[in-house]
Amino acid sequence: MKTADVSDAKYRLLVIDDNQAIHDDLRKILIGETAGHSDLLDDEELLFETKSVQAAQFEIDSAYQGEEGLLKLLHALEEGAPYAVAFVDIRMPPGWDGVETVSRLWEKCPELQVVICTAYSDYSWNDMVRKLGHSDSLVILKKPFDNIEVIQLAHALTRKWTVSRQARLKRRELETLVARATEDLAYNASHDVLTDLPNRRLFADRLQQAIAAARRSGEQVGLLYVDLDGFKVVNDTLGHSTGDDLLRAVVARMKSRLRQCDTLARMGGDEFTLIATDLHDAESASVLAQRLRSTLNDPFQVEGHELFVTASIGISIYPTDGRDVVELLRKADAAMYEAKRQGRNRALFFTSEIGHASAERLQLETALRTALGQQQFDLHYQPQFELTTQRLVRFEALLRWNHPVRGSIPPSKFIPIAEECGLIVPIGNWVLAEACKTARKWRDAGNHLPVAVNVSAHQFCRSDFIATVIEAVQAAGIDPTLVELELTESAIVNDLQDFAPKIARLRELGIGVAIDDFGSGYSSFSYLEKLPVAAVKIDRTFLDGLESTPRARSVVKGMVTLAHSIGLRVVVEGVETAGQLRALCESQADEVQGFLLGRPAPVERHLPELLEPAPAATLRDEGVKLGV
């Protein structure tokens, strides 16, 4: 066993005895010449099984009554130089006796080592232990003293005091670490790690407190449910690291515009809630929502990317819209979804109409989750014709949902829900595979007709999308040139940097890519030069007034001319009248599609029926002929 060299240690001892001779004797033994005698050091080495142990240095203070000793101990503690050992006489008339003195000393300094000095048997050992409560730091020394015994006790007890003190300090360090860790755990349990905002749990508690305070004061509480528009695309295309940095930047901006009494919380992903207290009227919540949206007007610079973010916000008000956390949250969430449905980047208050729409949406989402597995989906195909040759050139695959109870549900109702809840990817993959199988059936029947398939941005931005397309084409056993993918203009423009390489790769494989709904959003040809797309499909809204307004015809013709100038094929969709068709012939568009020429129909129909446009006789009467 080895111990540390204590030659530099200096310990403070306290002697409490009403006899001056006892003080003199202990001083002589512990700090006089006797204390350094080599024989005593030999005994120390034998006792502690250590080599080259030097005698500890002692500093001794004297007190002659218990009360005086306690005062000296308190003063030593205040100075930060506590006593290690106290030699206490068992009898000190007329004040406290030794046991009472030790009890008072231990109240203030529990780690103090005590030597009870006695020549009598006023207390038995058991009596002292019973009165003092423990004996771990207590030793009895009989008078008259044996010098060696005194020195051994002083050295042993000061070492014990040192170890005990170190253990106590270490214990305090550990307790501090545990306390800090506990605080961190408690904080992390109620706060979002990424943004340092209150999380869903703390948000619910804060909202409950706000409701209770408003109930007493008669004020209103506004709950704003904030969802960042298009944030998922940033995550999927630029990675979660960029997405995280964007979220932190967005939060910093929003917090800069809030009042001190407002609570901004993160519910998860790109969704946040804001508790607005002390509202005199609902309009104050609307002003706050506008303030939040305005903070997002300027672009964010994140990891070398210039990113634009908008927000859709739903608002519910206590007590008008609800009187508890669950109801207010549900209604604010419903209003937020309606804001997104109406075009995003807006704030809406909850209304009863929104409540009915929210219930309908929930029912549709629940039914949608089982629709694919229960084979409730079907594909209809709508023909596209070449204007100059009047020849059928391809079919567009259009998804239909045949619910066993509700009947046919239009895509405009269920596609947005599928995108929001993540079902659009498996549904889209099914559409792609089925369309490729249909193209194979047509090929086997002798008709090499390409099929156009609409692709969601959620599908396209996935890292495995190209592999999914290749798998669908190979599984059907068709040439890649028989497949054309249609992407909406808004999806491409929002992520041009990531989409361009994927489109180029698809074109290398022989798969065509067309921009659907062209002109409905971005309305610019500048980005088309950067994309290796094959075609643009002019949105049906440009056909309004085409028959009667020269300006409308000029706009369409100009778009066609510009598209042709950079080598793009132009398809016009939504043709419903013969007048529109004649005007498009003048515009020199390449292809047309619409109810006038052929409605979407199931693949099970015979091919001649599928290819025959319903109003063919009328078109011939008008001098226009289309067909196979």
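Anything mentioned here points back to the structure above.
All residue numbers refer to position in the chain's written sequence, counted from 1. Only residues with pLDDT of 70 or above have their local features reported here, since the model is predicted, and side-chain atom pairs are shown and tallied only from 80 upward, although totals for entire chains, interfaces and linings are computed over all residues. Think of the side-chain values as coming from all heavy atoms in the structure, minus any hydrogens and water.

Participant: Describe the sheet that holds strand S7 (residues 263-268), with residues and values.
Facilitator: Strands are labelled as partners when DSSP assigns at least two bridges between them. Each helix is a run of H or I in the DSSP string that is no shorter than four residues. Each strand is a run of E no shorter than two, and both are numbered from the N terminus. Strand order in this open sheet of five strands is S7-S8-S6-S11-S12, and the pairing throughout is mixed. Looking at which strands have only one partner, the edges of the open sheet turn out to be S7 and strand S12 (347-349). Recorded for the sheet is a direction-independent mean angle of 20 degrees between the axes of neighbouring strands. Here strand S6 (residues 220-229) runs beside strand S8 (residues 271-279); their pairing, made up of seven bridges, is antiparallel. Looking across to S8, one finds that Tyr-225 is bridged to Thr-273. An axis is simply a line fitted to the C-alpha atoms; with a helix, the fit covers only the stretch in contact. Between two such axes, the angle follows the N-to-C directions and lies from 0 to 180 degrees.

Participant: Break down the packing of aromatic side chains for me, with residues and values.
Facilitator: Each Phe, Tyr or Trp ring (for Trp, its six-membered ring) is paired with any other whose centre lies within 6.5 Å, and the angle between the two planes then decides the class: stacked below 30 degrees, edge-to-face above 60, tilted in between. Per the stated rule, a full pass over the model turns up ten aromatic pairs. Ring centres of Phe-377 and Phe-414 lie 5.9 Å apart, and the angle between their planes is 40 degrees; on these two criteria the pair is classed as tilted. Remark: Phe-414 occurs in helix H13 (residues 411-421) and Phe-377 occurs in strand S13 (residues 377-386); sequence separation between them is 37 residues. There is no split in this pair, since Phe-377 and Phe-414 are both buried. An angle of 85 degrees between the planes, with centres 5.4 Å apart, marks the rings of Trp-401 and Phe-414 as edge-to-face. Here Phe-414 lies in helix H13 and Trp-401 lies in strand S14 (residues 391-403), a separation of 13 residues in the sequence. One exposure class covers both Trp-401 and Phe-414, and it is buried. An aromatic cluster is built from Phe-377, Trp-401, Phe-414 and Trp-430, whose rings are joined through pairwise contacts. Its guanidinium or amino end placed over the ring of Tyr-337, Arg-361 lies 4.1 Å from that ring's centre, counting from NZ or CZ. Across the ring face of Phe-595, the terminal group of Arg-599 is positioned such that the distance to the ring centre comes to 4.2 Å. Buried residues are those whose accessible area, probed at 1.4 Å on protein chains only, stays under 20% of the maximum for their type, while exposed residues exceed 50% and partly exposed ones sit between those limits. When the NZ atom of lysine or the CZ atom of arginine is within 6 Å of a ring's centre and also within 35 degrees of its normal, the charge is said to sit over that ring.

Participant: Which residues make up the packing of helix H1 (residues 20-31) against helix H6 (residues 147-190), and what values go with them?
Facilitator: Contact pair H1 / H6: the axes reach a minimum separation of 10 Å and the direction vectors enclose 70 degrees. The orientation of H1 relative to H6 falls into the category roughly perpendicular. Between H1 and H6, the contacting residues are Leu-26, Ile-29 and Leu-30 on the first element and Asn-147, Val-150, Ile-151 and Ala-154 on the second. Its residues placed into classes, the contact of H1 with H6 shows six nonpolar, one polar and no charged. Orientation categories follow fixed angle ranges, with anything under 35 degrees roughly parallel, anything over 145 roughly antiparallel, 65 to 115 roughly perpendicular, and all other angles oblique. For this analysis, residues touch if any pair of their heavy atoms sits within 4.5 Å. Each residue is assigned to one of three groups, with Ala, Val, Leu, Ile, Met, Phe, Trp, Tyr, Cys and Pro labelled nonpolar, Asp, Glu, Lys and Arg labelled charged, and all others, Gly among them, labelled polar.

Participant: Residues and numbers for the nonpolar core, please.
Facilitator: To qualify as a nonpolar core, a set must consist of buried Ala, Val, Leu, Ile, Met, Phe, Trp, Tyr and Cys residues joined through side-chain atoms within 4.5 Å. Of all hydrophobic cores here, the largest spans 79 residues; its most connected members are Leu-368, Trp-401, Leu-485 and Leu-506. The element contributing the most residues to this core is helix H14 (residues 424-444), with nine residues. When near neighbours in sequence (up to four residues on either side) are disregarded, Leu-485 contacts Leu-432, Val-453, Val-455, Phe-465, Val-469, Leu-506, Ile-511, Gly-512, Val-513 and Ala-514. Among the nonpolar cores identified, the runner-up in size contains 30 residues, and Val-226, Ala-276, Ala-285 and Leu-296 belong to it.

Participant: Give a description of the sheet that holds strand S4 (residues 113-118) that names residues and reports values.
Facilitator: Pairing is parallel in the open sheet, where five strands are placed in the order S2-S1-S3-S4-S5. If you trace the sheet from one side to the other, it starts and ends with strand S2 (57-63) and strand S5 (138-142), each paired once. Between one strand and the next, the sheet's axes are offset by a mean angle of 20 degrees, whatever the strand orientation. As defined by bridge partners, strand S3 (residues 85-89) adjoins S4 across five bridges and the pair is classed as parallel. Its bridge partner lying in S4, Asp-89 is registered against Cys-117. Its contacts with the sheet place H1 against strand S1 (10-16), S2 and S3, and it is angled at close to 175 degrees to S2.

Participant: Give me the lowdown on the packing of helix H19 (residues 550-565) against helix H20 (residues 578-587), citing residues and values where you can.
Facilitator: At a minimum axis separation of 9 Å, H19 and H20 run at an interaxial angle of 45 degrees. The pairing of H19 with H20 is recorded here as oblique in orientation. Helix-helix and strand crossings are classified by hand; for H19 and H20 the assignment is right-handed. In this structure, H19 uses Arg-553, Val-556, Lys-557 and Val-560 to contact H20, whose residues at the interface are Ala-583, Leu-584, Glu-586 and Ser-587. What makes a crossing left-handed is the near helix being turned counterclockwise from the far one by less than a right angle; a clockwise turn instead makes it right-handed.

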